[in-house]
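Below, each chain spelled out in residue letters.
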Amino acid sequence: MGDAPPCAGNAGECPICDAPGRHHLANLQHRPQSYHPPRRLPHDVTFRTDVRSGMLVYTVTPRGPRPRGNVVYIHGGGWVNQILPLHWRLTAQIAAEVCTTVTVPIYPKVPGGTADTVARSVVQLVLDSICQGEPTGLSGDSAGGQIALSAALVLRGDHGTVLPQTVLISPALDLTFTNPDIARVQPRDPLIASEGAGVFTQLWQGQLPLTDPRVSPLFGDLKDLGPITVLSGTHDILNPDARLLARNAKDAGTALELIEQPGGLHVYPLLPTRSGRAAWAFIVERWQMACCP
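As the structure is a computational prediction, the values presented were derived from the model and not from experiment.

Undergrad: Tell me about the overall build of the protein, residues and numbers included.
TA: Secondary structure summary: the protein contains eight helices and eight strands in total. A burial count over the protein gives 52% of its 293 residues as buried. Of the contacts made within the protein by residues no fewer than 6 positions apart, 78% connect residues no fewer than 24 positions apart. Of the roughly 13200 Å² of accessible surface on the protein, 53% is carried by carbon and sulfur atoms.

Below is the structure:
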């Protein structure tokens, strides 16, 4: 087959761009991915599972003193892939070093899960935790960062709940992928390509438009949202939207701290590199401030 022309269609309309995504979905139907934590982790924590808000939920707790607060962590994976060992390492580190509980929902992925249903389930997890008197924040990476920020918007808008901290790692913020600066970054990003996300974003949006804040939180009203920390590498096609989010937050009067890693790749804080380890320490520090003020 010769080189195909660039796809000019809308998400999900190009059979050439979507073929790898649909093939991946078909493989997952036959060979579901494991979501269980590794048997060995560098931190001494315990895992408990139960079903809440219609999802299997892991509760990660440090051994020793009674933990303070709760971090609801939403893992990434393009709305289709399961949680990975690197996610479990980060959640275990947060639990152990902050001495806090980390709640990790195994949320339904596409095609079974949609932005609206998952956001509502995550919101309920947070509300239940707050009702128990625990300082509760949200965190997530990549697709999980989108879910986390969308849930924070729903919590503020529908429930009047402002979180003490939201920490986002390389979040997907605008699923239209129309930021013109993406094309500038794309040649330097070896991990993700905007044109390959069509089939997943189409399934994830469900009946909502791509510009709905439950799908693309960049379009949400950031006023009175509570403090936000965003970590983003400059060699990540999601970085231009992180910069735009920071400008929008400033205009809305919301405290947003954007930490940019020069040359950093997508989800660089989760990678076993010097910059990744430094970012891990920074994330732990932020949660110590939020959970133990």
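Undergrad: Give me the lowdown on the packing of helix 3 (residues 115-131) against helix 4 (residues 143-159), citing residues and values where you can.
TA: It is the contact of helix 3 with helix 4, at a shortest axis distance of 9 Å, that shows an interaxial angle of 70 degrees. Classified by the angle their axes make, helix 3 and helix 4 are roughly perpendicular. Here the hand of the crossing between helix 3 and helix 4 comes out right-handed. Across the interface between the two elements, Val118, Ala119, Val122, Val123, Val126 and Leu127 of helix 3 pack against Ile147, Ala151, Val154, Leu155 and His159 of helix 4. Here the residues of the contact of helix 3 with helix 4 sort into 10 nonpolar, one polar and no charged.

Undergrad: Which residues make up the sheet that holds strand 7 (residues 228-233), and what values do they have?
TA: The strand order 1-2-4-3-5-6-7-8 describes an open sheet built from eight strands, whose pairing is mixed. Every interior strand has two partners, whereas the edge strands, strand 1 (45-52) and strand 8 (256-261), have only one. Strand-to-strand twist of the sheet, defined as the mean angle between neighbouring strand axes without regard to direction, takes the value 20 degrees. As defined by bridge partners, strand 2 (residues 55-62) adjoins strand 4 (residues 101-106) across five bridges and the pair is classed as antiparallel.

Undergrad: Break down the nonpolar core for me, with residues and values.
TA: Core analysis: the largest hydrophobic core is formed by 51 residues, its most contacted members being Ile74, Trp79, Leu138, Ile147, Trp204 and Leu245. Every element with two or more residues in this core is listed here: strand 2, strand 3 (70-74), helix 3, helix 4, helix 5 (182-185), helix 6 (198-205), strand 7 and helix 7 (239-252). No other element matches the nine residues that helix 4 contributes to this core. Discounting residues that sit within four places of it in the chain, isoleucine 74 has contacts with Pro105, Tyr107, Val122, Leu138, Ser139, Gly140, Asp141, Gly144, Gly145, Ile147 and Ala148. Residues Val71, Val167, Ile169 and Ala279 belong to the second largest nonpolar core, which totals 30 residues.

Undergrad: Break down helix 7 for me, citing the residues and quoting the values.
TA: Between its terminal C-alpha atoms helix 7 stretches 20 Å, which fits the 20 Å expected from 14 residues at 1.5 Å a residue. Every buried residue belonging to helix 7 is among Asn239, Pro240, Asp241, Ala242, Leu245 and Ala249, and all of these are buried. The inward-facing, buried residues of helix 7 abut helix 4, helix 5, strand 7 and strand 8. Of the residues flanking the end of helix 7, it is glycine 253, one or two places downstream, whose phi is positive at about 80 degrees.

Undergrad: Tell me about the pairing of strand 1, and please be specific about residues and values.
TA: As paired elements, strand 1 and strand 2 share eight bridges and run antiparallel to each other. Within the sheet, the bridge partner assigned to phenylalanine 47 lies in strand 2 and is valine 60. Counted between consecutive antiparallel strands, the loop separating strand 1 from strand 2 contains two residues, among which serine 53 sits at a positive phi close to 50 degrees.

Undergrad: Hey, could you go over the packing of helix 2 (residues 85-98) against helix 8 (residues 274-291) for me, with residue numbers and the actual values?
TA: Between helix 2 and helix 8, the shortest axis-to-axis distance is 10 Å and the interhelical angle comes to 45 degrees. Compared by their axis directions, helix 2 and helix 8 come out oblique. Read as a crossing pair, helix 2 and helix 8 show a hand that is right-handed. Between helix 2 and helix 8, the contacting residues are Arg89, Leu90, Gln93, Ile94, Glu97 and Val98 on the first element and Trp280, Ile283, Val284, Trp287, Gln288 and Cys291 on the second.

Undergrad: Run through the environment of valine 167, naming residues and quoting values.
TA: Mapped onto the elements, valine 167 comes out in strand 6 (residues 166-169). According to the relative accessible area criterion, valine 167 is buried, its value standing at 0%. Note: C-alpha distance between valine 167 and glycine 145 (22 residues apart in sequence) is 8.1 Å. With sequence-adjacent residues up to four places away left out, valine 167 is seen in contact with Leu138, Ser139, Gly140, Thr229, Leu231, Ile283, Arg286 and Trp287.

Thresholds, definitions, all that
- Residues numbered from 1 in each chain as written.
- Predicted model: local features only at pLDDT ≥ 70, side-chain atom pairs only at ≥ 80, totals over all residues.
- Heavy atoms only, no water.
- Helix = DSSP H or I, 4+ residues; strand = E, 2+ residues; numbered from the N terminus.
- Buried < 20%, exposed > 50% of the residue type's maximum accessible area, 1.4 Å probe, protein only.
- Contact = heavy atoms within 4.5 Å.
- Areas by Shrake-Rupley, 256 points an atom, 1.4 Å probe, with all protein chains shown as cover.
- Axes fitted to C-alpha atoms, helices over the stretch in contact; angles between N-to-C directions.
- Parallel < 35°, antiparallel > 145°, perpendicular 65-115°, else oblique.
- Left-handed = near helix turned anticlockwise from the far one by under 90°.
- Nonpolar A, V, L, I, M, F, W, Y, C, P; charged D, E, K, R; others polar.
- Pairing = 2+ DSSP bridges.
- Core = buried A, V, L, I, M, F, W, Y, C linked by side-chain atoms within 4.5 Å.
- Expected span 1.5 Å × (residues − 1).

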